[in-house]
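# An overview of the molecular structure
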Amino acid sequence: MKSCAAGRAGREKSVEVSIIFKIAAVGILVSMLSQVLKHSGRDEQAFLISLAGLLIVLFWILPYIYELFETIKNLFLL
């Protein structure tokens, strides 16, 4: 049982680290695209790219936020 729980905990930590790298990659990509679009005079499209990046990251972290609220709810139900 311990090995199964330890394997699951290790996998959850790797998922958390990978989501941080994914968010950073999206941030860098959105920043670069936004700067290129702004310098070429396409401010509206730069805004839409930034909004799309924000929504992508929000959908990625939504399950973690839900899990956090569930944990807090269970903590105070004692």
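Small disclaimer: the values here were computed from a predicted structure and weren't measured.

### A closer look at the overall build of the protein chain
Counting its regular elements, the protein chain contains two helices and zero strands. Buried positions account for 10% of the 78 residues belonging to the protein chain. Carbon and sulfur atoms make up 72% of the accessible area of the protein chain, which amounts to about 6,700 Å² in all.

### Focus: the packing of aromatic side chains
The full count for this structure, using the stated rule, is zero aromatic pairs. For Lys 22, the ring lying beneath its charged end belongs to Trp 60, and the centroid distance is 5.8 Å.

### Notes on helix H2 (residues 43–77)
Between the first and last C-alpha of H2 there are 49 Å, a value that for 35 residues agrees with the 51 Å anticipated at 1.5 Å per step. Of all the bends found along H2, the most pronounced is centred on Ile 61 and spans about 40°, while Pro 63, a proline, follows it within four residues. Among all positions in H2, only Ala 46, Gly 53 and Val 57 are buried.

### Remarks on the side chain of Ser 34
Its location among the elements puts Ser 34 in helix H1 (residues 2–39). A residue is classified by how much of its surface remains accessible, and Ser 34, at 7% relative accessible area, is buried. Here Ser 34 is in contact with Ala 46 and Ser 50, once residues within four sequence places are set aside.

### Considerations on the confidence of the model for the protein chain
With 79% of its residues at a pLDDT of 70 or more, the protein chain has an overall mean of 86. The model gives residues 1–5 a pLDDT under 50, and that stretch makes zero contacts with residues more than four places away or in other chains.

### Details of the environment of Gln 45
Tracing the sequence through the fold places Gln 45 in helix H2. With eleven residues separating them in the primary sequence, Gln 45 and Ser 34 have C-alpha atoms 8.0 Å apart.

Cut-offs used in this document
- Residues numbered from 1 in each chain as written.
- Predicted model: local features only at pLDDT ≥ 70, side-chain atom pairs only at ≥ 80, totals over all residues.
- Heavy atoms only, no water.
- Helix = DSSP H or I, 4+ residues; strand = E, 2+ residues; numbered from the N terminus.
- Buried < 20%, exposed > 50% of the residue type's maximum accessible area, 1.4 Å probe, protein only.
- Areas by Shrake-Rupley, 256 points an atom, 1.4 Å probe, with all protein chains shown as cover.
- Phe/Tyr/Trp six-rings, centres within 6.5 Å; stacked < 30°, edge-to-face > 60°.
- Lys NZ or Arg CZ within 6 Å of the ring centre and 35° of its normal.
- Expected span 1.5 Å × (residues − 1).
- Bend = angle between axes of the 7 residues up to and from the residue.
- Contact = heavy atoms within 4.5 Å.
- pLDDT = per-residue confidence, 0-100.

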